[in-house]
Amino acid sequence: MTEPLRLLVVCLGNICRSPMAEGALRARVVEAGLSDVVRIDSAGTGGWHAGDPPDPRAIATARRHGVDISGLRARKLQSQDFDRFDALLCADHANLRDVRALAPAGAPAALSLFMEWAGLEGAIPDPYEGGEADFERVWQQVDEGARVIVARLLTPDVSVASGTG
Ligand code: 4NP
């Protein structure tokens with residue numbers, strides 16, 4: 001059996017965007033029956049919220065869409081993550097820049113924006129200083145990305161493992 005595809009979603013605090021993306025991706029993976037094929041985790045480039053649950057607004061937004069992310073806990077990105085995951089999928093360009101700067105030389109993981117790796121456009125803006133509508137927009141983006149990633153995994157002859165690099 002082939003090894004599972006290991007995906008790490010990365011944002012700044014790991015309490016808003018990346019736990020929402022982790023929750024959306026896991027939900028779509030489970031729906032598609034791909035739980036044995038894909039492993040999903042998330043982390044933040046900053047460690048201020050390590051150990052914390054997602055922001056209450058992120059939990060409420062995911063819950064409105066039928067996904068429970070309340071059990072997730074924030075953690076800081078570690079150098080071992082570049083070996084443990086096949087792809088680090090960043091919420092925005094600043095996250096991607098920070099991740100690239102932290103990557104050990106020769107690290108095998110693909111480093112990309114989450115949306116671009118899904119084959120879509122755009123960064124996911126930080127909703128932390130925003131309101132409910134900003135969290136809803138994040139959900140719409142990450143769920144669209146999650147659906148596209150899962151659709152591609154279900155399509156024979158299309159490998160997402162290498163992503164866009
Ligand atoms: P996230 O949002 O990167 O989507 O988790 C943020 C959460 C916390 C902070 C910044 C962004 N913060 O500065 O504490």
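Quick caveat: nothing in here was measured; it's all calculated off a predicted structure.

Bringing the side chain of Asp92 into the picture now. Here Asp92 shows up in the loop between β3 (87-90) and α4 (93-102). For Asp92, a relative accessible area of 15% gives the class buried.

With that out of the way, let us pick up the site of the ligand. As a structural note, the neighbourhood of the ligand is formed by Cys11, Leu12, Gly13, Asn14, Ile15, Cys16, Arg17, His49, Asp126 and Tyr128. Measuring from an oxygen atom of the ligand, one finds a backbone N or O atom of Cys16 at 2.9 Å. Contact between the ligand and Asp126: an oxygen atom at 3.3 Å from a side-chain N or O atom of the residue. About the coverage of the ligand: the protein hides 88% of its 350 Å² of free accessible area.

Counting 38 residues, the largest nonpolar core has Leu7, Met20, Ile69, Phe114 and Val142 as its most contacted members. Of all elements in the fold, only β1 (5-11), α1 (17-31), β2 (38-44), α2 (56-64), β3, α5 (114-117) and α6 (132-154) reach the threshold of two or more residues within this core. The biggest single contributor to this core is α6, with seven residues. The next biggest cluster of nonpolar side chains, apart from the first, holds 13 residues, and it includes Leu77, Cys90, Val99 and Leu111.

Quick notes on the rules
- Residues numbered from 1 in each chain as written.
- Predicted model: local features only at pLDDT ≥ 70, side-chain atom pairs only at ≥ 80, totals over all residues.
- Heavy atoms only, no water.
- Helix = DSSP H or I, 4+ residues; strand = E, 2+ residues; numbered from the N terminus.
- Buried < 20%, exposed > 50% of the residue type's maximum accessible area, 1.4 Å probe, protein only.
- Near = heavy atom within 4 Å.
- Polar contact = N/O pair within 3.5 Å; in protein donor to acceptor, adjacent residues only side chain to side chain.
- Areas by Shrake-Rupley, 256 points an atom, 1.4 Å probe, with all protein chains shown as cover.
- Core = buried A, V, L, I, M, F, W, Y, C linked by side-chain atoms within 4.5 Å.

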